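# Structural description and commentary
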Amino acid sequence: MAEGVASSTTPEGKPKSMFEKIIDGEYKIPFEERLRLDLKPDEIPPLPKGEEALKPSTVAGWQTEAIIRAMINNLHNGSDWETLFIYGGSGRVARNWKAFFETIELLKTLKPNETLFLQSGVPYGKTITHPWAPRIVVTNSIIVPEWAKYFNNMVEAGLTVYGQMTAGSFCFIGLQGIIQGTYETIAAAIKNAEKSPAYQKLSDFEKQIIVSAGLGLMSGAQPLAIKMNGKIAIIAEVNPKQIDRLYNLGRDRGTPYLDIKVDSVEEAIRIAKEYAEKKEAVSIGVLANAVDLLQYLVDNNITPHVLTDQTSAHDMLNGYVPAGMTYEEAIKLREENPKEYEKKAYETVKRHVELMLELQKRGAETFDYGNNIRGQALKAGVKNAFDFEGFVPKYIRPLFMEGKGPFRWAALSNDPQDILVTDEYAKKLFYDDPQLVNWIDLAEKYIPFEKGLPARVFWAGFFGRAAFGMLMNKLVAEGKLKAPVFIARDHLDGGSVASPFRETEGMKDGSDAIGDYPVLNLLGNALGGATLVAYHGGGGVGVGYSLHAGQIVVADGTRIAQEKLFRVLLWDPMSAILRHAAAGYEKAINIAKEYGLVVPGILENKEIDYKGLYNKIIETVKERTGIDLWPPMEKIELALL
Ligand code: NAD
């Protein structure tokens, strides 16, 4: 039963409206009821395997089958399937179990000319569109800006859900989705640090260690990514279950996500010193609050080479854990006294950022890793919290200007062999990009496939994404892949995100908080024929702090899919180039010029040679991989009813 329905009045003595009660936290649906845990299955819904995986079971075929499997895949890769919680504080795949199953049922019978709409994790309705339109349109955590700060109250009233970035848009593929980004970011940080005079003053031991916190669903990529960079990772985590999960993940194939787990900071430092003596890379997870690890470093005059943090600091109630208590004690306090919990969390984050600033002063290459820790510390009174920069302006933005970002795909056959085939073709297509080829080799060596569908990620940009997507579609058509793949990307992206403390921090023209760009990205992808489009608020940094869009496009081996892939995978990275060109970045303008894009008001060009681009993709794919794509479609017939 909902609590506090028959409740108070306004100061003027008038009965409160429902909205006022929610804003004042007087109307809450208990968690179990809100999540409809009565409908939770006994086991995680299975993903088809073997022969069963090779056929769709839906009216609209693979386009809707892929989305159903992507939803279930999120549960397999996520944190706590029973509560539909996937990653990143409280990011969920659906609002409740009833909505989860209703969405699947609706997708099963959806016709190839219909589109289903979801409102924050609950099916909302469907309408007739056409076969080129998305089969599903998703929105999550969108709140009228003035009221965004009451988001949690609205969640508790059962009106919305936190979709994070890839949870509510169904393309969460686990740590494998983030690890390349983490690997490249750490590599850039190491390089940047080595240029600074402060680095020269560090001891041999200090030069080898990289410190962070958080071993969760995304942050858990840190230890392996640091080790792959040849360094020693020391990562604090308060939840022993998370440490164990990473310690076991990949251990059977000899490449665990976390090499060593310890219960004390002293022990972590002792082991790190042992490995530093041998000049050997290793990853160490320590059961400790981040502030306890950093305090130890400050007290013992140890300055790490690189310092960051990936705790769920964007959410001071449901993510970040205050110091001075165990994880269990924290969960108890969160449930019993949320106000006290938040107060303590803010006290901790204040100390946390102060310690980061101190270590930065002593020479550590320090950056915010997209969890809004600086914003929270500023709220807690650390006036100079923004004295260290975010990872996007510091290391990633130049890639965004080329339209590059984390591009991912998953094999619907549920057979890892299909991913290995795509790896082989990717290496042929991108043979002249040594970083990308090297990454695929590293990924095959180090990164275990996770519990869900086998998947891969790499950073690709304009032209490359479209060429590779169209190539994978033809591999499906020719039977070189056993079943279709779904192609998606992270919302950590150059063209589809407005997030002033992350992706759009410090834009040249001050357009950090302009929310038009993600909407334009979303609409372009929808009009181009993406299978799913999604529009979210609050991913990464918390509701009120970001707006972002995502897409999934299914390469099902059909002729029409090639056309859709051309359009979606052209526009999606193009919107990153345009967004940065519009903000005045020279590099983006030059890239737009090189590809013959239209940038009104900046470049003279008025026409894009689509046919030329299409044919160039066909030629490149043929020359490098031997695969013949279909020529551009001249005409299409649409069965509308
Ligand atoms: P998560 O909730 O799965 O993991 C965070 C972990 O931090 C949890 O295991 C939690 O126990 C631990 N933790 C919380 N407070 C702590 C403290 N004070 N000391 C030590 N450990 C603590 O979340 P996630 O998916 O790993 O994401 C982490 C953060 O990173 C989020 O804010 C997310 O939005 C952000 N993020 C950044 C990127 C990126 O590309 N930079 C990508 C995804 C997520």
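See the structure above.
Residues numbered from 1 in each chain as written. Predicted model: local features only at pLDDT ≥ 70, side-chain atom pairs only at ≥ 80, totals over all residues. Heavy atoms only, no water.

Here we take up the overall build of the chain. Across its full length, the chain holds 23 helices and 17 strands. Taking 2.2 N^0.38 as the reference for a compact globule, 641 residues should give roughly 26 Å; the C-alpha atoms of the chain span a radius of gyration of 24 Å, in line with that estimate. Within the chain, buried positions represent 61% of all 641 residues. Long-range contacts, defined as pairs at least 24 residues apart, comprise 71% of the intrachain contacts of the chain with a sequence gap of at least 6. One way to put it: in the chain the 73 positive side-chain charges average out to a point 2 Å from where the 82 negative ones average out. (Helix = DSSP H or I, 4+ residues; strand = E, 2+ residues; numbered from the N terminus. Rg over C-alpha atoms; globule rule 2.2 N^0.38 Å. Buried < 20%, exposed > 50% of the residue type's maximum accessible area, 1.4 Å probe, protein only. Contact = heavy atoms within 4.5 Å. Lys, Arg positive; Asp, Glu negative; His and termini not counted. Charge placed at Lys NZ, Arg CZ, Asp CG, Glu CD.)

It is worth spelling out the pattern of salt bridges at this point. Going through the model one piece at a time under the given rule, you end up with 41 salt bridges. Between Arg 36 and Asp 38 there is a salt bridge; the shortest N-O distance is 2.8 Å. Judged by relative accessible area, Arg 36 falls into the partly exposed class, the value being 27%. Two residues, Lys 587 and Glu 402, come together in a salt bridge whose shortest N-O distance is 3.0 Å. (Salt bridge = Lys/Arg side-chain N within 4 Å of Asp/Glu carboxyl O.)

Turning our attention to the layout of surface pockets. By volume, the second largest pocket is sized at about 450 Å³. In terms of lining, the second largest pocket is formed by 21 residues, of which the most central are Phe 430, Phe 462, Phe 463, Gly 464 and Tyr 595. Tallied by class, residues from the lining of the second largest pocket come to 10 nonpolar, 3 polar and 8 charged. (1 Å grid on protein atoms, 1.4 Å probe; cavity = no way out; pocket = protein on both sides within 12 Å on 5 of 7 lines; lining within 4 Å. Points joined across faces, edges and corners; volume = space filled by probe spheres on them. Nonpolar A, V, L, I, M, F, W, Y, C, P; charged D, E, K, R; others polar.)

With that out of the way, let us pick up unusual backbone geometry. Phi at Arg 36 is positive, roughly 50°, even though this residue is not glycine. Here Arg 36 lies in the loop between helix H2 (31-34) and helix H3 (62-77). Even without being glycine, Ser 120 reaches a positive phi, approximately 40°. Inspection of the secondary structure puts Ser 120 in the loop between strand S3 (114-119) and strand S4 (122-128).

What follows covers the site of the ligand. Around the ligand, the surrounding shell holds 32 residues, and the nearest of these are Ser 219, Glu 237, Ser 312, His 314 and Gly 540. Between Gln 164 and the ligand, the recorded distance is 3.2 Å, taken from a side-chain N or O atom to an oxygen atom. Ser 219 is positioned such that a nitrogen or oxygen atom in its side chain is 2.7 Å from an oxygen atom of the ligand. Taken together, the residues of the shell around the ligand break down into 13 nonpolar, 17 polar and 2 charged. (Near = heavy atom within 4 Å. Polar contact = N/O pair within 3.5 Å; in protein donor to acceptor, adjacent residues only side chain to side chain.)

Relative to the elements of secondary structure, Trp 409 occurs in strand S12 (residues 405-411). With a relative accessible area of 0%, Trp 409 lands in the buried category. Sequence separation between Trp 409 and Leu 294 is 115 residues; the distance between their C-alpha atoms is 37 Å. Discounting chain neighbours no more than four positions away, the residues touching Trp 409 are Ile 419, Thr 422, Asp 423, Pro 454, Ala 455, Arg 456, Phe 458, Phe 468, Met 472, Val 485, Phe 486 and Ile 487.

With that settled, the discussion passes to helix H21 (residues 559-582). For H21, built from 24 residues, the straight-helix expectation of 34 Å at 1.5 Å per residue is met to within 8% by its first-to-last C-alpha distance of 34 Å. At Met 574, H21 shows its maximal kink, close to 25°. When you tally the buried positions in H21, you get 20 out of 24 residues, the bulk of the element. Within two residues after H21, Gly 584 carries a phi angle of roughly 95°, on the positive side. (Expected span 1.5 Å × (residues − 1). Bend = angle between axes of the 7 residues up to and from the residue.)

What follows covers the side chain of Asn 229. Following the sequence through the fold, Asn 229 ends up in the loop between helix H9 (222-228) and strand S7 (232-237). Overall, the relative accessible area of 19% leaves Asn 229 in the buried class. In this structure the side chain of Asn 229 is engaged in a polar contact, spanning 3.0 Å, whose partner is the backbone oxygen of Ala 225.

Reading across from one edge, S8-S9-S7-S6-S10-S11 is the order of the 6 strands in this open sheet, with parallel pairing throughout. On the outer flanks of this sheet lie strand S8 (260-262) and strand S11 (365-366), each paired with one strand and no other. Pairing analysis gives 2 bridges linking strand S10 (residues 306-307) to S11, with the strands arranged parallel. Residue pairing across strands places Val 306 opposite Glu 365, the latter belonging to S11. Relative to S8, helix H10 (residues 240-248) is tilted by about 160°, and along the sheet it contacts S7, S8 and strand S9 (282-287). (Pairing = 2+ DSSP bridges. Axes fitted to C-alpha atoms, helices over the stretch in contact; angles between N-to-C directions.)

Let us now look at empty space enclosed by the protein. Tallying each qualifying case throughout the model produces 1 cavity of 30 Å³ or more. In this structure, the largest cavity occupies an estimated 30 Å³ of space. The wall of the largest cavity is formed by Val 211, Ser 212, Ala 213, Ala 290, Leu 293, Leu 294, Leu 307, Thr 308, Asp 309 and His 352. Elements represented by at least two residues in the lining of the largest cavity include exactly strand S6 (209-213) and helix H12 (290-299). Residue composition of the lining of the largest cavity, by class: 6 nonpolar, 3 polar and 1 charged.

The next thing to look at is the pairing of S7. In terms of burial, S7 is largely enclosed, as 6 of its 6 residues are buried. As judged from the 5 bridges shared by S6 and S7, these two strands associate in the parallel manner. Bridge assignment links Ser 212 to a residue of S7, and that residue is Ile 235. Regarding the hand of the β-α-β motif, the stretch spanning S6, H9 and S7 is right-handed. (Right-handed = clockwise from strand over helix to strand, strands pointing away.)

Distances and angles like these do not, on their own, reveal function.
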